[in-house]
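# Structural description and commentary
Chain by chain, the residues:
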2 protein chains.
Amino acid sequence: MKLTPIMQKYILHWGEMGTRWGVNRTVAQIHALLYLSHEPLHAEEIAETLEVARSNVSTSLRELQSWGLVKIVHVMGDRRDHFESLEDLWEMFSVIMEERKRREIDPTLSMLRSCVLEGEADKATPEAIKKRVQDMLDFMETFSSWYEQMRHIPRPTLIKLFKLGSKVTNFIGKKA
Amino acid sequence: MKLTPIMQKYILHWGEMGTRWGVNRTVAQIHALLYLSHEPLHAEEIAETLEVARSNVSTSLRELQSWGLVKIVHVMGDRRDHFESLEDLWEMFSVIMEERKRREIDPTLSMLRSCVLEGEADKATPEAIKKRVQDMLDFMETFSSWYEQMRHIPRPTLIKLFKLGSKVTNFIGKKA
DNA sequence: CACTAATTTCAGTATATACTGAAATTAGTG
DNA sequence: CACTAATTTCAGTATATACTGAAATTAGTG
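Predicted, not measured: the structure shown is a model, and the values here were computed from it. (Residues numbered from 1 in each chain as written. Chains lettered and ligands numbered in written order. Predicted model: local features only at pLDDT ≥ 70, side-chain atom pairs only at ≥ 80, totals over all residues. Heavy atoms only, no water.)

## Concerning the packing of aromatic side chains
- If you walk through the whole model with that rule in mind, you get 21 aromatic pairs over all chains.
- Where F139 of chain A meets F143 of chain A, the ring centres are 5.7 Å apart and the plane angle is 35°; that geometry is what we call tilted. With F139 of chain A and F143 of chain A both in helix α6 (residues 127-150) and four residues apart, this pair spans about one turn of that helix.
- Given the relative accessible area of 11%, F139 of chain A is considered buried.
- Cluster of aromatic residues (ring-pair linked, three or more members): W90, F93 and F162 of chain A together with F139, F143 and W146 of chain B.
- Sitting above the plane of the Y35 of chain B ring, R132 of chain A keeps its charged end 5.8 Å from the centroid.
- The ring of W21 of chain A carries the charged tip of R100 of chain B above its face, separated from the ring centre by 4.1 Å. (Phe/Tyr/Trp six-rings, centres within 6.5 Å; stacked < 30°, edge-to-face > 60°. Helix = DSSP H or I, 4+ residues; strand = E, 2+ residues; numbered from the N terminus. Buried < 20%, exposed > 50% of the residue type's maximum accessible area, 1.4 Å probe, protein only. Lys NZ or Arg CZ within 6 Å of the ring centre and 35° of its normal.)

As structure tokens, this is what we get:
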């Protein structure tokens, strides 16, 4: 696939951003490329377009699939696997949130809970420090349960809520 | 400072999480240590506690200060700089959001806008692809303006809003 | 303003991660 | 079921980033 300057700019920037979020450059670039592409691409084409090794593409695609951001499709008369990205951005966003929560927030909550638990019997750790741990746990649990509720709201309602922005406070202002 | 097992567990986990979010391990560990500590620490003590080079601590503290997460305080009768972390977690969270937006989202918005702009005169890029770029821009702008509104809501109202969770939809359900 | 403690800078090195290319494996096809 | 295309695995290498320790700088103190 031949990249136009606009596509190049987009993909390079995305790769750059990826690295800042703990996603490797190639993975982010492939995701960007597949998002832009209006048709599924096969691995060979991705490798040529981004000028990276075929094997690198293979690994990166596997990673993207494990996130649920990319899936395999097949094209009639072609035995190669083709890949396409989620295109709905709300969907994409929610998939990323979900995965990051599962991989990062949940383990952190476990860690915090176990710190609090061990803290009860532990006389070596000053109370002030135990309190900090407890505060962090409370904070993250508030957040986590907020998120848990948000993800069950039907998509259209959620979008409405977002577009409403700070106007929601008009309602709760009266109530609370 | 002597780390108890709980503190150690907390700090090591935090360092680990940091790396997944594009923050280097030592920076994240120092932040965790200062958050836990009920009193400001000087650089030497941080270096000893975490068993890293003094110079590394210096650089990392500078980074944390640039984020606004840590600030210098002075202790009577001691000429060394001491450091303490923000302790309010809502504050900490909002500082991190603010910085990440400034460093990552804003530049991405610029990139997307310039892609859309160049797209107008560009005949090489297929319309379908231009549309994807436009969609991404719209999505991120919705998000960004939502965030912009949220950050102007007074802290207590915001906290109320969070604790309310999905119940907010009760209100908008009737309205929208 | 000389002295010393504290801090920062920076070149060099270590470490972690990304990437390559060849070899091995898997899976379609006649 | 032999053949070949497609894909994956993996050891080796390259690259980016983190970290160290010595030297330079800064800034308090008598």
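This is not the end of the story, as more comes after the structure.
## Quick notes on unusual backbone geometry
- Look at E51 of chain A: it is not a glycine, yet its phi comes out positive at around 55°.
- Within the secondary structure, E51 of chain A sits in the loop between α3 (43-50) and α4 (54-67).

## A word on the relation of the copies chain B and chain A
- Under the fitted operation, chain B is carried onto chain A by 0.0 Å of movement along the axis and a turn of 180°, and the coordinates agree to an RMSD of 0.0 Å. This pairing of chains is accounted for by a two-fold axis.
- By residue overlap, the copies meet face to face through one surface: 100% of the interface positions of chain B are interface positions in chain A. (Least-squares fit on C-alpha atoms with pLDDT ≥ 70 in both. Contact = heavy atoms within 4.5 Å.)

## Comments concerning the nonpolar core
- With 95 residues, the main nonpolar core has Y10, I46 and L61 of chain A together with Y10, I46 and L61 of chain B as its most contacted residues.
- A total of 10 residues in this core trace back to one element, the largest contributor, which is helix α6 (residues 127-150) of chain B.
- Once you skip the residues sitting within four places of it in the chain, L61 of chain B turns out to touch I30, L34, A43, I46, V70 and F83 of chain B. (Core = buried A, V, L, I, M, F, W, Y, C linked by side-chain atoms within 4.5 Å.)

## Looking at the sheet that holds strand β2 (residues 70-74) of chain B
Residues and elements named next belong to chain B.
- With antiparallel pairing, three strands are arranged side by side in an open sheet as β1-β3-β2. A single partner strand is all that each edge strand has here, and the edge strands are β1 (41-42) and β2.
- Taken together, the two bridges between β1 and strand β3 (residues 81-85) define a ladder with antiparallel strand orientation. Bridge pairing in β3 links H42 to H82.
- Sheet contacts for helix α4 (residues 54-67): β2 and β3; angle to β2, the most-contacted strand, approximately 110°. (Pairing = 2+ DSSP bridges. Axes fitted to C-alpha atoms, helices over the stretch in contact; angles between N-to-C directions.)

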